[in-house]
Amino acid sequence: MAQRQLLRAINRASILNAIKAHGAIARTDIATFTGLSPATVTGLTAELIEDGLILEKTEGESRGGRRPILLALNPQGAAVVGIKLAEEHATLALTDINADILAKHTIQLGPRDPRSISLQLASETRDLLAEAAIKTNQLLGVGVGLSGIIDSQAGICRVSPHNDWHDVPFANLLADELGCIVTLDNNVNTLTLVEQLYGAGQQVRDFLVITTGRGVGMGIVTNGAIYRGSTGGAGEFGHIVIDPDGFACSCGNRGCLETFVSEPWLMRRAELNGLHVTSPDDLIALAYADHPIARDMLMAAGRALGQATANLVNLFNPSLIIISGEGVRAGDLMFGTMRATMARHMFAPLAEKLDIRIEPLSEDIWARGAASLVLSTIFSMPTLH
Ligand SMILES: [Zn+2]
């Protein structure tokens, strides 16, 4: 890219990010916020309106004169499909430029070979688009999130334990079926991305996302970028060792964090403790009804999580930790205990400016995250290659 074009693309992205961060913002405030000249802002916002990415609103508060014209993202500026590929099922969501869901399908997955899955997802994507009267060529792209080790750049699933996939070029398989761009990433990274683009991680340079539920996962943002490690496997937080003499984990190790915190392991421990519960929700309900064993189990999980997370704080010095995933419904018994344990073990100067947020339970966040894989191309800063 020539230097002039590059500068222009960077300025466009920084204007779009300022608009996204504020919801609706006047041109003069964009200039202040981005440090661009008013003339540049006027020129580039005209171009962005022409491209359909932003639109004018007149909802601003009056500053003693006429109401200022505000600029906002045009929800119709992009249509994207985000797919969460889980163990037994997949959730497909059609979203707008804000990653807000317009339509959603959840399907049971058939045979697990890559070809069958890509055919099933392609067919379901076409149905979703047909219902919303959107043509494939109007789609900006499809994002797919799944657990495992993913080379996002190459669109290759290196390892997916659920599907027994090794080095599967899944992005290409699905792209060939659909005839549009397909982006692939680890599902916790997609969740991290949606927090960075639209959630609590906006404008935060260094933050961590920890997910609990079926497993324990982690997304890492350092210096404004997702850290993936040398082979895409960074953030296997669930498999750090808490107790070397503990239970044998599916990864081959012993006493991993997951064996204390994940829902399948909570169920197993409940059984070993003689509790008759049929689901994690049962166990949680019992704990909040003051059953001492159930309470102790959630608190022990919170302690293990807090101890491990304190180590993360000492390593990464984040300003924000976001806790998300289905496991958040374990509530204060687990996460209050986590906070208290962290407070005891963190290196004190790093704890001072640290914000910890427990996100509300949201089934949709994963599909929104997968959609963000594609939406991020609108907002990311171009660089010289
Ligand atoms: Zn493990």
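What you are looking at is a predicted structure, and each value in this text was computed from that prediction instead of being measured.

K.L.:
Before we go on, may I ask you to explain the overall build of the protein chain in this structure?
P.N.:
A tally of helices and strands in the protein chain yields 13 helices and 16 strands. In terms of overall size, the protein chain behaves like a compact globule, its C-alpha atoms giving a radius of gyration of 22 Å where 385 residues would be expected to give roughly 21 Å. Summarising its shape, the C-alpha atoms of the protein chain cover approximately 70 × 50 × 40 Å along the three principal directions. A burial count over the protein chain gives 49% of its 385 residues as buried. If you take every contact in the protein chain between residues at least 6 apart in sequence, the share linking residues at least 24 apart comes to 61%. Surface exposure of the protein chain reaches about 18,000 Å², of which carbon and sulfur atoms provide 51%. Taken together, the 30 basic and 40 acidic charged side chains of the protein chain have centroids lying 6 Å from each other.

K.L.:
Looking at this structure, how should I read the pattern of salt bridges?
P.N.:
A side chain of one charge can pair with a side chain of the opposite charge if their charged atoms are brought near each other. Under the counting rule described, the total for this entry stands at 16 salt bridges. The residue Asp151 makes a salt bridge to Arg158 at a minimum N-O spacing of 3.3 Å. On the accessibility criterion, Asp151 (22% relative accessible area) is partly exposed. Using a relative accessible area of 29% as the deciding quantity, one classes Arg158 as partly exposed. Asp290 serves as the salt-bridge partner of Arg295, at 3.0 Å between the closest nitrogen and oxygen. Its relative accessible area of 29% is what places Arg295 among the partly exposed residues.

K.L.:
Teacher, can you tell me more about the sheet that holds strand S10 (residues 165-168) here?
P.N.:
Strand pairing within a sheet occurs via backbone hydrogen bonds; the two strands may be parallel or antiparallel. The strand order across the open sheet built from 3 strands is S8-S9-S10, with neighbouring strands paired in antiparallel fashion. With one partner strand each, in any of the chains shown, strand S8 (149-151) and S10 form the two edges of the open sheet. Across this sheet, the average inter-strand angle for adjacent strands is 15 degrees, counted without regard to direction.

K.L.:
Before we go on, may I ask you to explain the packing of helix H1 (residues 3-22) against helix H3 (residues 38-50) in this structure?
P.N.:
When two helices pack together, their arrangement is given by the angle between their axes and by how far apart the axes lie. Closest axis-to-axis distance for the H1/H3 pair is 10 Å, and the angle between their directions is 80 degrees. In this view, H1 runs roughly perpendicular relative to H3, as classed from their interaxial angle. Residues Arg8, Asn11, Arg12, Ile15 and Leu16 of H1 form the contact with H3, whose own contacting residues are Thr40, Val41, Leu44, Thr45, Glu47 and Leu48.

K.L.:
I would appreciate a short explanation of the side chain of Ser14 in the present structure.
P.N.:
Here Ser14 is to be found in helix H1. Sequence-distant contacts of Ser14, defined by excluding residues within four places in its chain, comprise Thr34, Leu36 and Met381.

K.L.:
What is the right way to look at the coordination of the zinc ion in this model?
P.N.:
Each angle at a metal carrying four tetrahedral donors should ideally be 109.5 degrees, and each at a metal carrying six octahedral donors should ideally be 90 or 180 degrees. Coordination of the zinc ion by the protein comes from His239 (ND1), Cys249 (SG), Cys251 (SG) and Cys256 (SG), over a distance range of 2.0 to 2.3 Å. For the zinc ion, the 4 donor atoms in the first shell make angles of 104 to 122 degrees at the metal, so the coordination geometry reads as tetrahedral.

K.L.:
Can you walk me through the domain arrangement of the protein chain in this structure?
P.N.:
When the parts of a complex come together, some accessible area is lost, and that lost area is often taken as the interface size. With domains assigned, the protein chain is organised as domain 1 (3-76), domain 2 (78-193 + 366-379) and domain 3 (202-358). Contacts between the two partners involve 9 residues from domain 1, matched on the other side by 6 residues from domain 2. Between domain 1 and domain 2, roughly 670 Å² of surface is buried when both sides are summed, and carbon and sulfur atoms account for 65% of that area. Counting across the domain 1 and domain 2 interface gives 0 salt bridges. If you look at where domain 1 meets domain 2, you find 3 residue pairs in polar contact (both at pLDDT 80 or more). The element best represented in the side of domain 1 that touches domain 2 is H1, accounting for 4 residues. Class assignment for the residues of the side of domain 1 that touches domain 2 results in 5 nonpolar, 3 polar and 1 charged.

K.L.:
When you look at the packing of aromatic side chains in this model, what are you seeing that I'm missing?
P.N.:
Two aromatic rings are characterised by how far apart their centres lie and by the angle between their planes. As enumerated under the stated definition, the model contains 3 aromatic pairs in all. Seen from their ring centres, Tyr198 and Phe379 are 6.3 Å apart, and the 90 degrees between their planes marks the pair as edge-to-face. With a gap of 181 residues between them, Tyr198 in helix H6 (residues 187-198) and Phe379 in helix H13 (residues 365-379) connect regions that are remote in the sequence. The two residues Tyr198 and Phe379 agree in class, both being buried.

K.L.:
Just to check I follow, could you spell out the sheet that holds strand S3 (residues 70-73) for this structure?
P.N.:
Strand order in the open sheet formed by 3 strands is S1-S3-S2, with antiparallel pairing between adjacent strands. Two strands in the sheet have a free side with no partner beyond their single neighbour: strand S1 (25-26) and strand S2 (54-57). Sheet topology places S1 next to S3; 2 bridges connect them, and they run antiparallel. Across the sheet, residue Ala26 finds its bridge partner in S3, namely Leu70. Together, S2 and S3 form the strand contacts of H3, whose direction differs from that of S2 by roughly 105 degrees.

K.L.:
Would you take a moment to explain H3 for this structure?
P.N.:
Helical periodicity: at 3.6 residues per turn, an α-helix aligns residues three or four positions apart in one direction. Between its terminal C-alpha atoms H3 stretches 18 Å, which fits the 18 Å expected from 13 residues at 1.5 Å a residue. On its buried face, H3 is in contact with H1, helix H2 (27-34), S2 and S3. Gly52 sits one or two positions beyond H3 and adopts a positive phi of about 80 degrees.

What counts, and at which threshold
Counting restarts for each chain, with residues numbered from 1 along the sequence as it is written. Whole-chain, interface and lining totals are the exception, using all residues; otherwise, since this is a predicted model, local features are given only for residues with pLDDT of at least 70 and side-chain atom pairs are given and counted only at 80 or more. The side-chain numbers reported here are obtained from all heavy atoms of the structure, hydrogens and water having been left aside. A run of H or I in DSSP counts as a helix once it spans at least four residues, and a run of E counts as a strand once it spans at least two, with each numbered from the N terminus. As a reference, a globule follows 2.2 Å times the number of residues to the power 0.38, and the radius of gyration itself is taken over C-alpha atoms. Note on exposure labels: buried denotes an accessible area under 20% of the residue type's maximum, exposed denotes more than 50%, and partly exposed covers the range between, all computed with a 1.4 Å probe on protein chains only. By definition in these notes, contact holds between two residues if any of their heavy atoms fall within 4.5 Å. The Shrake-Rupley method, run with a 1.4 Å probe sphere, supplies the accessible areas, and residue values consider only the shown protein chains as cover. Positive charges are assigned to Lys and Arg, negative charges to Asp and Glu, while His and the chain termini are left out of the count. Taken as the charge centre is NZ of Lys, CZ of Arg, CG of Asp or CD of Glu, depending on the residue. The rule for a salt bridge is simple: a side-chain nitrogen of Lys or Arg has to be within 4 Å of a carboxyl oxygen of Asp or Glu. Two strands qualify as a pair provided DSSP detects at least 2 bridges between them. Only C-alpha atoms enter the line fits that serve as axes; for helices the fit covers just the stretch in contact. Angles between N-to-C directions range over 0 to 180 degrees. Each angle gets one of four labels, with under 35 degrees taken as roughly parallel, over 145 as roughly antiparallel, 65 to 115 as roughly perpendicular, and the rest as oblique. For Na, K and Ca the donor cut-off is 3.2 Å, while for other metals it is 2.8 Å, and in both cases only N, O and S atoms qualify; water is not among them, so sites may look incomplete. Every angle between 85 and 135 degrees makes a four-donor site tetrahedral, while opposite donors more than 155 degrees apart, with all other angles between 65 and 115, make a four-donor site square planar and a six-donor site octahedral; other sites are irregular. Segmentation into domains, and thus their bounds, comes from an automatic or database assignment. Using a 1.4 Å probe, buried area is obtained as the accessible area two parts lose upon being combined, added over both of them. In protein, a polar contact means a hydrogen-donor-capable atom and an acceptor-capable atom, both N or O and within 3.5 Å, with residues adjacent in sequence counting only if both atoms are side-chain atoms; elsewhere, any N or O pair within 3.5 Å suffices. In the scheme used here, Gly and all other residues not listed as nonpolar or charged are polar, with Ala, Val, Leu, Ile, Met, Phe, Trp, Tyr, Cys and Pro taken as nonpolar and Asp, Glu, Lys and Arg as charged. Aromatic pairing here means that ring centres of Phe, Tyr or Trp (its six-membered ring) are within 6.5 Å. Orientation follows from the plane angle: under 30 degrees is stacked, over 60 is edge-to-face, and everything else is tilted. To estimate how far a helix should extend, the number of its residues minus one is multiplied by 1.5 Å.

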